[in-house]
Amino acid sequence: MTKKFKNILANCPACGYELDFLPWDNGSPADEICSCCGIQFGYEDIYADTKDDFRKVYEEWRGQWLASGAKWFSSNTPPKGWNPKTQLQKYLNNKNKVLHIRSTTTPDIKKDN
Ligand SMILES: [Zn+2]
């Protein structure tokens, strides 16, 4: 199944993949799995509360994903030309990225910037 145009709602906070759902919305998790890195929102991050908690969960997941070779998770084929490193760099370099977490939709502004 190939969709030419995707409705991108958010990026996966762990791997940067473009998701067609919000990881969290109004305090409720999507219970969806990122096709790229396999993180499940509402499972791996269910005990996270503050923004720092969430960041920690996602950073740890990202570390494990990278350490295991940054493999495509889903049984569906990855998008044409998919490159996990480029995808992640693009996400990490995006200063306007938004973190969709439990409490609210918070602009992901780093304190040390
Ligand atoms: Zn992901």
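Predicted model, so just to flag it, every value in this text is computed and none were measured. (Residues numbered from 1 in each chain as written. Predicted model: local features only at pLDDT ≥ 70, side-chain atom pairs only at ≥ 80, totals over all residues.)

## Thoughts on the overall build of the protein chain
Helix and strand content of the protein chain: two helices and six strands. For the protein chain, the succession of helices and strands along the chain, N to C, is β-β-β-β-α-α-β-β. Split into buried and exposed, the 113 residues of the protein chain put 24% on the buried side. Here the contacts in the protein chain between residues at least 6 apart in sequence split such that 44% fall between residues at least 24 apart. (Helix = DSSP H or I, 4+ residues; strand = E, 2+ residues; numbered from the N terminus. Buried ≥ 20, exposed ≤ 12 C-beta atoms within 10 Å, placed from the backbone. Contact = placed C-beta atoms within 7 Å.)

## Quick notes on the nonpolar core
Grouped together as the largest cluster of nonpolar side chains are 18 residues, with contacts concentrated most on Cys12, Ala14, Cys15, Tyr17, Cys34, Cys37 and Ile39. At four residues, helix H1 (residues 51-67) tops the list of elements feeding residues into this core. Cys12 has contacts with Tyr17, Leu19, Cys34, Cys36, Cys37 and Ile39, leaving out every residue within four places of it along the chain. (Core = buried A, V, L, I, M, F, W, Y, C linked by C-beta atoms within 7 Å.)

## Some details on unusual backbone geometry
Glycine aside, a negative phi is what most residues show, and trans is what most peptide bonds show. Although it is not a glycine, Asp31 adopts a positive phi angle of roughly 60 degrees. Following the sequence through the fold, Asp31 ends up in the loop between strand S4 (28-29) and H1. Look at Asp31 and you get exposed, because 12 C-beta atoms sit within 10 Å. Backbone geometry at Ala70 places phi at a positive 50 degrees, although glycine is not the residue there.

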